[in-house]
Amino acid sequence: MSVFDPAKFMETPVEAGSTSFEPIPAGEYTAMIDDAVVRAAGDGVVLDVTVLLQAPDVAAKIGRDKLSVKHGIWLDTTPNGGMDMAKGKNVRLNKLRDALGQNTSGWNPMKLKGAGPVKVTVGLRPDKNAPDVIYNDIKAFGKMK
């Protein structure tokens, strides 16, 4: 097993690299939840959900090993820092939970990891500062039929 040497890594020359990539085409995909991580963001809390699209033909066409899209969900929280599950709160999260059959009592975000399959609608969004740079967004989650 090799040992990583940060100093050597920083001094090793590399070839010129890509300055752009082809985004995942907009559309509906079957996906699995790869990861779910909560983070503080300013005065709020965000749940970052990473999905892996199950579309090997699309991955091959655009030259990627896997197709992952990260989706940030701003969470409604209570004054004591818990998740606010009152009426009209955490609707985006609960739509994802419902699509996965997880919108039940006793749930926690760890249950998202590895869950699926779930239908996702992927969209395209240009960078507001560089319109030639296109990002992928998840527009919606839905139940598999």
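A quick note: this is a predicted structure, and the numbers were derived from the prediction, not measured. (Residues numbered from 1 in each chain as written. Predicted model: local features only at pLDDT ≥ 70, side-chain atom pairs only at ≥ 80, totals over all residues. Heavy atoms only, no water.)

1. With respect to the pairing of strand β2 (residues 44-53)
Then step 1. With respect to burial, β2 is a largely interior element, 8 of its 10 residues being buried.
Then step 2. Examined bridge by bridge, strand β1 (residues 27-41) and β2 share 10 bridges and lie antiparallel to one another. Within the sheet, the bridge partner assigned to D35 lies in β2 and is T50.
Then step 3. With 9 bridges joining them, β2 and strand β3 (residues 67-75) adopt antiparallel strand pairing. When the bridges of β3 are listed, L53 appears paired with L67. (Buried < 20%, exposed > 50% of the residue type's maximum accessible area, 1.4 Å probe, protein only. Helix = DSSP H or I, 4+ residues; strand = E, 2+ residues; numbered from the N terminus. Pairing = 2+ DSSP bridges.)

2. Topic: unusual backbone geometry
Then step 1. Of note, the bond from G116 into P117 is cis; its omega dihedral lies within 30 degrees of zero at 5 degrees.
Then step 2. Unusually for a residue other than glycine, N90 sits at a positive phi of about 55 degrees.
Then step 3. Assignment of secondary structure puts N90 in the loop between β3 and α3 (91-99).

3. Description of the layout of surface pockets
Where empty space is left becomes clear once a probe the size of a water molecule has been rolled over the atoms.
Then step 1. One number sums up the size of the largest pocket: a volume of about 180 Å³.
Then step 2. Looking at the largest pocket, the residues that line it are F21, I24, R64, S68, V69, K70, H71, G72, R125, Y135, N136 and D137.
Then step 3. Contributions of two or more residues to the lining of the largest pocket are made by β3 and β5 (134-142).
Then step 4. With 5 residues, the single largest contributor to the lining of the largest pocket is β3. (1 Å grid on protein atoms, 1.4 Å probe; cavity = no way out; pocket = protein on both sides within 12 Å on 5 of 7 lines; lining within 4 Å. Points joined across faces, edges and corners; volume = space filled by probe spheres on them.)

4. Comments concerning the packing of aromatic side chains
Then step 1. Enumeration over the complete set of coordinates arrives at 1 aromatic pair.
Then step 2. Between F4 and F9, the aromatic rings sit 5.5 Å apart at their centres with planes inclined by 55 degrees, giving tilted as the arrangement. (Phe/Tyr/Trp six-rings, centres within 6.5 Å; stacked < 30°, edge-to-face > 60°.)

5. A look at the sheet that holds β5
Then step 1. Reading across from one edge, β3-β2-β1-β4-β5 is the order of the 5 strands in this open sheet, with antiparallel pairing throughout. Edge positions in the open sheet fall to β3 and β5, since each of these has one partner strand only. This sheet shows a mean twist of 40 degrees between the axes of neighbouring strands, independent of strand direction.
Then step 2. Sheet topology places strand β4 (residues 118-126) next to β5; 8 bridges connect them, and they run antiparallel. Following the sheet pairing, K119 is matched in β5 by G142. (Axes fitted to C-alpha atoms, helices over the stretch in contact; angles between N-to-C directions.)

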